[in-house]
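# Structure assessment
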Amino acid sequence: MTKNTNSLNVNIVTVRDGKETTVAFTYNKRAEKEKPMALDVLMQAQSEVIPDLAFRYGCRARNCGVCTIDINDRPRVACRARVKDGDKLSAIATLPVLSDLVVRRDGIARQMRGLKTSAQGNDLNVDAPEVYHDLTSCIECYACLDKCPMHMRNFADKLPKYNDNNLPNASEGYIHGNPFSLLKLERLRNDPLTSDQGKNIALNKAIDLGLDACVECPGCKCGVGIDLKNKVIKPLLKAAKDKL
Amino acid sequence: MTIETEWLSYDVIVVGSGGAGAQAASAAAELGASVLLVSKDPLGASDTKISEGLATVRESGSDDDIEEVLSENIKLAGGDLPIKKLTDTFSKYSKEAYDKYREHGLRPSINKSKNRPQSLPLAMGGHNRNRSVGHENHGVAFGHANWDAIIKEKNIDYLEDAWFLDLVVDRNNKSTNPVIIGGLIYDASKGVLLAINSPSVIIASGGLSTLFFPKTDTMRGNTGDSYAIALRAGADLVDMEQLQFLPFCLASPPSYEGLLAGEPSTASYLGVLRDKNGKIILNGVHLRTRAACSEAIMRAVEDGRGSPNGGAFLDMTANKELPKSGPYFMKYLQDSLPTAYINARQALGKEAAKVEVAWEVRPGAHYMMGGIRVNDDGASVGGDDEGSVKHGISGLFAAGQAMGGLFGANRLGSTSLTELAVFGSRAGAAAAKYSLNNSFKVNKKLFESYINEYSSLFGQKGSIASNILRDDIQKESWKKIGPVRTAKGIKEMEDKIKEIETKLNNISIPNYFIWNQAFMDFVELKNMICSAKLIGLAAKERNGSIGGHVRLDAKNISIFSRPYSTVVHKNNNTYLVKKLNRTRTPLKNLIYYKILEKKRLLEARFLSMLPKNIKDKKLEKKYKDIMSASGKAPEIMPGGTEGAIGETTSV
């Protein structure tokens, strides 16, 4: 194919009924020198070639955290990830695909159901430490699931394949944790309104989720730049060192 | 093969997992109700999560911020259209509702000497007291609190990837008003329909700005679901012509189209709007209302003098050029609306970021002030005046952007996050009490027609894709019922809608059930059509400009005329539109506001005519006054009146 500077050739991986298809798509730039984001490419593909192409998006400004996809097998937030000629766009590999680039996400949040740590009736007028706010900047994009050994335990240490009939039931919540869940727990531990008992509940939950997997792990990478290793994993490991 | 239907029963269904939905579910569960919360987007991914994160908390900034003061403030800002009972309720419960958020992990800075949340150090324009509390991480902090509120409660079952399709209503008992008996849901991750028996449903599924995509700065999911679902069930919708557009959104490059670039006040003292020929089309931009800015831009576009991407040029270079005050201006621009400045810098490049060139801008849809007609419990009402539940739909509740009647024609900054906290938790509690105290009879038969209607869509043969029609309606809505409107345009939109409706049964929907994108697109398209109709009917009824409704072919509605709201209702297949009178604020307050407006505009004109060096000195002093001791300019709220100082006067 001749090189055309007004277009980009990308591969979009679609998934229907468990069948994976790679669709070659030529993106036509809408403006001279346009450097499109992955989301722009998906939207154009949907309006021109694959009318029912499935993908998620929300705010288009890297705040809502729902449009994460894999670009060349690495997780990126689609609305703020520029695309190059020859890039491959596919669903994030760490969660089961529902259709095309849409994965089922709810098994993550559900593993925290019913976890109550805040002591009621406390004085609410207490300042939270800086680290509490650092952790609150998480937008829940799930980029951190990438290469997480703890999360992979949910799928027998492999990536979840849609044609696998033995996937765990997301409706029950995944048994094994992930950096996001650990962040939520560490955030609770840093909340000045969490009682000592509540802090223990949070720590024990982290251990139940498989914190031991972090001991040998080189660390995880956050999609929006939170220092997960130093602000989440290390403090949890330190607090749990006698319990692991 | 037909999609399967599963049956479930709950005391309360909550539609939406943003701020209003989370607060409602939490309040209902606390009273012991079994709650099903459904959300089409992932849990908590909502406009609340992407907001600027400022909340109105009465008495956070001063001790004399009594209930009456805040209540009247909201009513005046809304052009006298707001219902006093609702502004009173907002005012009375703002602290309590905000504390609920704190119980779910929202952590503001604390004012130690007063032992209360620290408000911003100034009254945001339009507010008559300091009472806006800011938060680190902006809306994302609220997003976490919503998530936590839903997750920690075992009484709340939640479904994401689940489209709430329709309310199921019993209209058979002629002696009572229509009664909710449940709702029908498409669970996309499981590939089934869920028929839910439930005596009450709380609609908290946000606004409709995606009707104008890509000219919006909000979440994609705002496809008007709240209003369409309520309308189909026979509820009243109020003030649906009152849609807030932000005038200065990015027009290019495409990835950034529609995202916020600034507000009238960030244009600062010397900002002007220019057409493509460089001619000034609006001066004194920082003192104008959003509507006036949008109108100037759209008039130039209509006249063929618009910018390449259908907008105009916001020229702030005169601020930057002055040697002494210029650096202060840059600091002000960067600090006062940081997310907007970052958007502009990324989208428009270095020269624009240094304000060496003008920015191309265009209006973007932001917030629906109108919505489902409710009382102070968020319960559906009908009839005259403030309405009564006797004439509403029993068991139907609404909160957040889905509800109407609180803000009227305009909204003070930082009030929407408080609105959803106050009315979300009130609706949740009221719905729980309603369900637990009334006998309820399951009536599966009434679900049949709904189930048949939706299940027969799977496998619908056709030659059109929903998203082609969606793009079409988005484009037309922008032109005809968008930031500026004419009687002719509104009529043309009606015709357009009719044309699109004839194509609906020619839309192709494949016959598979797990995450059927075409089915969801179809459902959303229908809701967008419904919302466009609502806006059009209300806009036709209000034949003059006020607040978020700008008519190019009619006069401004005088502040001295009797204020009224519009109400739209659907009975069988007939739409009924009416006016409802509202009480007027005392005359002397109105005159006072008018005088202030004139004074400010005169001062601005005087300033712009001064010799350059004197102007520079005066402006330097003004900037120093605005910026606190730290040298940082206070942040403002997109959509708030401090972003459009002119709006403080548009009673």
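Calculation notes
- Residues numbered from 1 in each chain as written.
- Chains lettered and ligands numbered in written order.
- Predicted model: local features only at pLDDT ≥ 70, side-chain atom pairs only at ≥ 80, totals over all residues.
- Heavy atoms only, no water.
- Axes fitted to C-alpha atoms, helices over the stretch in contact; angles between N-to-C directions.
- Helix = DSSP H or I, 4+ residues; strand = E, 2+ residues; numbered from the N terminus.
- Parallel < 35°, antiparallel > 145°, perpendicular 65-115°, else oblique.
- Contact = heavy atoms within 4.5 Å.
- Nonpolar A, V, L, I, M, F, W, Y, C, P; charged D, E, K, R; others polar.
- 1 Å grid on protein atoms, 1.4 Å probe; cavity = no way out; pocket = protein on both sides within 12 Å on 5 of 7 lines; lining within 4 Å.
- Points joined across faces, edges and corners; volume = space filled by probe spheres on them.
- Buried < 20%, exposed > 50% of the residue type's maximum accessible area, 1.4 Å probe, protein only.
- Pairing = 2+ DSSP bridges.
- Domains from an automatic or database assignment.
- Buried area = accessible area lost by both parts, 1.4 Å probe.
- Salt bridge = Lys/Arg side-chain N within 4 Å of Asp/Glu carboxyl O.
- Polar contact = N/O pair within 3.5 Å; in protein donor to acceptor, adjacent residues only side chain to side chain.
- Phe/Tyr/Trp six-rings, centres within 6.5 Å; stacked < 30°, edge-to-face > 60°.
- Lys NZ or Arg CZ within 6 Å of the ring centre and 35° of its normal.

All names here are of chain B. It is at 10 Å that the axes of helix α13 (residues 466-480) and helix α14 (residues 487-503) come closest, and there the two elements cross at 170°. One way to sum up the angle between α13 and α14 is to call them roughly antiparallel. Facing L469, D472, I473, E476, S477 and K480 of α13, the residues of α14 in contact are G489, I490, E492, M493, K496, I500 and K503. A breakdown of the residues in the contact of α13 with α14 according to their chemical character gives five nonpolar, two polar and six charged.

This paragraph deals with empty space enclosed by the protein. Picture a little ball the size of a water molecule; that probe, rolled over the atoms, points out where space is still empty. Following the criterion strictly, the structure yields nine cavities of 30 Å³ or more and no others. Taken together, 16 residues line the largest cavity, and the ones lying closest to its centre are A:L115, A:T117, A:L188, B:D148 and B:K152. Taken together, the elements giving at least two residues each to the lining of the largest cavity come down to α5 (179-190) of chain A together with α4 (138-151) of chain B.

All names here are of chain A. Burial along strand β4 (residues 74-77) is one-sided: the face carrying P75 and V77 is buried and the face carrying R74 and R76 is not. Bridge analysis of strand β3 (residues 68-71) against β4 gives four bridges, and the strand direction is antiparallel. From the neighbouring strand, D70 faces β4, where its bridge partner is P75. Taking the residues between adjacent antiparallel strands as the criterion, β3 and β4 are bridged by two residues, where N72 takes a positive phi near 50°.

All right, on to the domain arrangement of chain A then. All names here are of chain A. Taken as a whole, chain A is organised into domain 1 (7-103) and domain 2 (106-239). Between the C-alpha centres of domain 1 and domain 2 the distance comes to 27 Å. Contact with domain 2 buries surface across domain 1, with T94, L95 and P96 losing the most and accounting together for 34% of the total. For the pair domain 1 and domain 2, the interface holds one salt bridge. Put simply, D146 and R74 hold a salt bridge, and the shortest N to O gap is 3.5 Å. Run the count over domain 1 and domain 2 and you get three residue pairs in polar contact (both at pLDDT 80 or more). In terms of residues, the side of domain 1 that touches domain 2 owes the most to one element, β4, which gives three residues. A breakdown of the residues in the side of domain 1 that touches domain 2 according to their chemical character gives nine nonpolar, five polar and three charged.

Tallying the contact residues gives 61 residues for chain A and 60 residues for chain B. Taking both sides of the interface into account, the surface hidden between chain A and chain B amounts to around 5,200 Å²; carbon and sulfur atoms contribute 49%. Remark: the boundary between chain A and chain B carries seven salt bridges. Of the charged contacts, one joins A:K184 and B:D148 as a salt bridge, the two residues approaching to 3.0 Å between their closest N and O atoms. Between the two partners, chain A and chain B, sit 31 residue pairs in polar contact (both at pLDDT 80 or more).

Residues and elements named next belong to chain B. Applying the stated criterion to the full structure yields 64 salt bridges over all chains. Residues K190 and E6 are paired through a salt bridge, measuring 3.0 Å at the closest nitrogen-oxygen approach. With a gap of 184 residues between them, K190 in the loop between β10 (179-187) and β11 (192-197) and E6 in strand β1 (residues 5-9) connect regions that are remote in the sequence. Accessibility expressed as a relative area gives 27% for E6, which makes it partly exposed.

Per the stated rule, a full pass over the model turns up 19 aromatic pairs over all chains. Ring geometry for A:Y57 against B:F213: centres 6.3 Å apart, planes inclined by 55°, an arrangement best described as tilted. Placement of the pair is A:Y57 in the loop between α1 (38-48) and β3 and B:F213 in the loop between β12 (200-203) and α5 (225-233), with the two residues belonging to separate chains. Residue A:Y57 is classed as buried on the basis of its relative accessible area, which comes to 11%. Under the relative-accessibility criterion, B:F213 is labelled buried at 14%. Measuring from ring centre to ring centre gives 6.3 Å for B:Y367 and B:F407, while their planes differ by 65°; the resulting arrangement is edge-to-face. Note that B:Y367 is positioned in strand β19 (residues 359-368) and B:F407 in the loop between β22 (403-404) and α11 (416-437), a separation of 40 residues in sequence. For B:Y367, a relative accessible area of 6% translates into the label buried. With a relative accessible area of 1%, B:F407 lands in the buried category. A:R110 extends its terminal NZ or CZ atom over the ring of B:Y158, reaching a point 4.1 Å from the ring centre. A cation over a ring is seen here: B:K579 above B:Y564, with NZ or CZ 5.2 Å from the ring centre.

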